[in-house]
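The lines below spell out each chain.
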Amino acid sequence: MKGICILGATGSIGVSTLDVVARHTDRYRVVALTANRQVERLAAQCQQYRPDYAVMADADAAERLATILHDTAPETRVLSGVAGLCEVVALENVDAVMAAIVGAAGLAPTIAAARAGKRILLANKEALVMSGNLFMAEVRATGAELLPIDSEHNAIFQCMPTDFARGLAAVGVTRILLTASGGPFRDMSLERMQGVTPDEACAHPNWSMGRKISVDSATMMNKGLEVIEAAWLFNTDHEHIEVVLHPQSIIHSLVRYVDGSVLAQMGNPDMRTPIAHALAWPERIDAGVAPLDLIAVSRLDFQKPDLARFPCLRLAFEAAKVGGSASTVLNAANEVAVEYFLSGKIAFTSIAPVIEQVLSNIPATELVTLEKVMETDMIAREEARQVIEMHHRKVV
Ligand code: NAD
Ligand code: MG
């Protein structure tokens, strides 16, 4: 039996993970579940999966959860805060940690899982974008296993030779081709994008996801973050990564080899496939996903992304090129701008200019410690709030 800890159990990825785990109760046991403040949802999950621990990041929420579980799941101990999150990932009977908290909040517990040498199933791409070199160094130091959950990176992992850590050139790989659906506004003009609402931005044509990553998909910042994520995971740089628009989301990414071969991974757009892959790797288990019907799909299209209509993708490539703290700043400014957009305070088309301004206001430095990463993240958030208040806040 493998013990599983799910960070962000109440979210889209967390719920899909529990769905896969529930199909294999002979292989996996849920040891710990965590969430931010969705008390009722986490309580119901605890009653169903009976974990040893439940953690709420929010202290008041933890108290309310403890009251509910006192009678309904008394064997589950309730902890709170970042300390609680970092404690449960390192438990001795935890073998694998699903890192599915959204945003920078996931960094500390995900690093703690790396330090404890666990198998990390990484959905929380922001953690890697913020602190790639330090994160990867922690993983190497303890021999933790890092398996990508992001569908593109999971696809790339499946198409790579097993010894890719030697360097892509050494294993005959010349390019990573990252596919992108283009999101809900793929063919929309910039003028029309100006007035789109949060609900329109979150209505992704192929995937059902949390609201933050849905907005990232609509601006294509998601693909930009994924370029940076891929560079760290596969030991390469942005010059060896190409983004290809593929509206059907059937090919999840591709790897090009020096001999002319291009390997692709395909499947229905359902996150349970990469989750099951990473949970069982190197074995394969049923994910509950319907078999891919190629006749029903019938065609696969590919286009070049338009950087003029999707400036966030350009900004991410530029940050990747600058290196150091630039991607930490990019991520922090994006998180703040997306929050403001989701609460109706800035226009969709203000997201990119806010990030661009913050990137130009904060000079890039080397990131040598995690404390420096956290400090840079805080400074960039504050700068983003100021840029928004001064230039972009909607007048109501
Ligand atoms: P979501 O918003 O549905 O869920 C987020 C989870 O994180 C929730 O359980 C929430 O309680 C928890 N959380 C939020 N803030 C927290 C905080 N401050 N402290 C502790 N916990 C907190 O998000 P999601 O769509 O499941 O995405 C999760 C991560 O996976 C993101 O990094 C996203 O980019 C990545 N990802 C998601 C998908 C997808 O299909 N949903 C695909 C690829 C990658
Ligand atoms: Mg993805």
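Residues numbered from 1 in each chain as written. Chains lettered and ligands numbered in written order. Predicted model: local features only at pLDDT ≥ 70, side-chain atom pairs only at ≥ 80, totals over all residues. Heavy atoms only, no water.

Visitor: Even after reading the chapter, I still don't get the site of ligand 1, so can you show me in this structure?
Guide: Neighbouring ligand 1 are 22 residues; Thr-10, Ser-12, Asn-36, Glu-126 and Gly-210 lie closest to it. One nitrogen or oxygen atom from the main chain of Gly-8 is found 3.3 Å from an oxygen atom belonging to ligand 1. Here an oxygen atom of ligand 1 sits 2.9 Å away from a polar atom, N or O, in the main chain of Asn-36. Mapped by element, the contributors of at least two residues to the shell around ligand 1 are helix H1 (12-22) and helix H6 (125-142). Tallied by class, the residues present in the shell around ligand 1 amount to 12 nonpolar, 7 polar and 3 charged. Residues from two domains meet in the shell around ligand 1; each of domain 1 (2-148) and domain 2 (155-297) gives at least three. (Near = heavy atom within 4 Å. Polar contact = N/O pair within 3.5 Å; in protein donor to acceptor, adjacent residues only side chain to side chain. Helix = DSSP H or I, 4+ residues; strand = E, 2+ residues; numbered from the N terminus. Nonpolar A, V, L, I, M, F, W, Y, C, P; charged D, E, K, R; others polar. Domains from an automatic or database assignment.)

Visitor: What exactly am I supposed to notice about the coordination of the magnesium ion (ligand 2) here?
Guide: Octahedral metals with six donors have ideal donor angles of 90 or 180 degrees. Tetrahedral metals with four donors have an ideal donor angle of 109.5 degrees. Looking at the metal site, the magnesium ion (ligand 2) is ligated by Asp-150 (OD), Glu-152 (OE) and Glu-226 (OE), spaced 2.1 to 2.2 Å from it. One chain supplies every donor for the magnesium ion (ligand 2), spaced along it as D-x1-E-x73-E. Taken as a pair, Asp-150 in the loop between strand E7 (145-148) and helix H7 (151-159) and Glu-226 in helix H11 (residues 221-233) lie far apart in primary sequence, 76 residues in all. (Donors = N, O, S within 2.8 Å, 3.2 Å for Na, K, Ca; no water.)

Visitor: Looking at this structure, how should I read the packing of H1 against helix H2 (residues 39-49)?
Guide: When two helices pack together, their arrangement is given by the angle between their axes and by how far apart the axes lie. Axis separation between H1 and H2 bottoms out at 13 Å; the angle between their running directions is 10°. As far as their axial angle goes, H2 and H1 are roughly parallel. Note on element contacts: H2 touches H1 through Arg-41, Gln-45 and Tyr-49, opposite Val-15, Leu-18 and Ala-22. Partitioning the contact of H1 with H2 into residue classes produces 4 nonpolar, 1 polar and 1 charged. (Axes fitted to C-alpha atoms, helices over the stretch in contact; angles between N-to-C directions. Parallel < 35°, antiparallel > 145°, perpendicular 65-115°, else oblique. Contact = heavy atoms within 4.5 Å.)

Visitor: What is the right way to read the domain arrangement of the chain from this model?
Guide: Interface size is commonly expressed as the accessible area that is lost once the parts come together. Assigned domains within the chain: domain 1 (2-148), domain 2 (155-297) and domain 3 (323-392). Taken over C-alpha atoms, the centre of domain 1 sits 27 Å from the centre of domain 3. Between domain 1 and domain 3, the residue contacts involve 11 residues of the former and 12 residues of the latter. There are 0 salt bridges connecting domain 1 and domain 3. Here domain 1 and domain 3 share 4 residue pairs in polar contact (both at pLDDT 80 or more) between them. Only helix H5 (107-115) and H6 provide two or more residues apiece to the side of domain 1 that touches domain 3. (Salt bridge = Lys/Arg side-chain N within 4 Å of Asp/Glu carboxyl O.)

Visitor: Teacher, can you tell me more about the sheet that holds strand E3 (residues 53-56) here?
Guide: Picture the strands of a sheet paired through backbone hydrogen bonds; they go either parallel or antiparallel. Pairing is parallel in the open sheet, where 7 strands are placed in the order E4-E3-E2-E1-E5-E6-E7. Single-partner strands in this sheet number two, and they are strand E4 (77-80) and E7. Geometrically, the sheet is characterised by an average inter-axis angle of 20° between neighbouring strands, direction not taken into account. Here strand E6 (residues 119-122) pairs with E7 via 4 bridges, running parallel. Bridge pairing in E7 places Leu-121 opposite Leu-147. (Pairing = 2+ DSSP bridges.)

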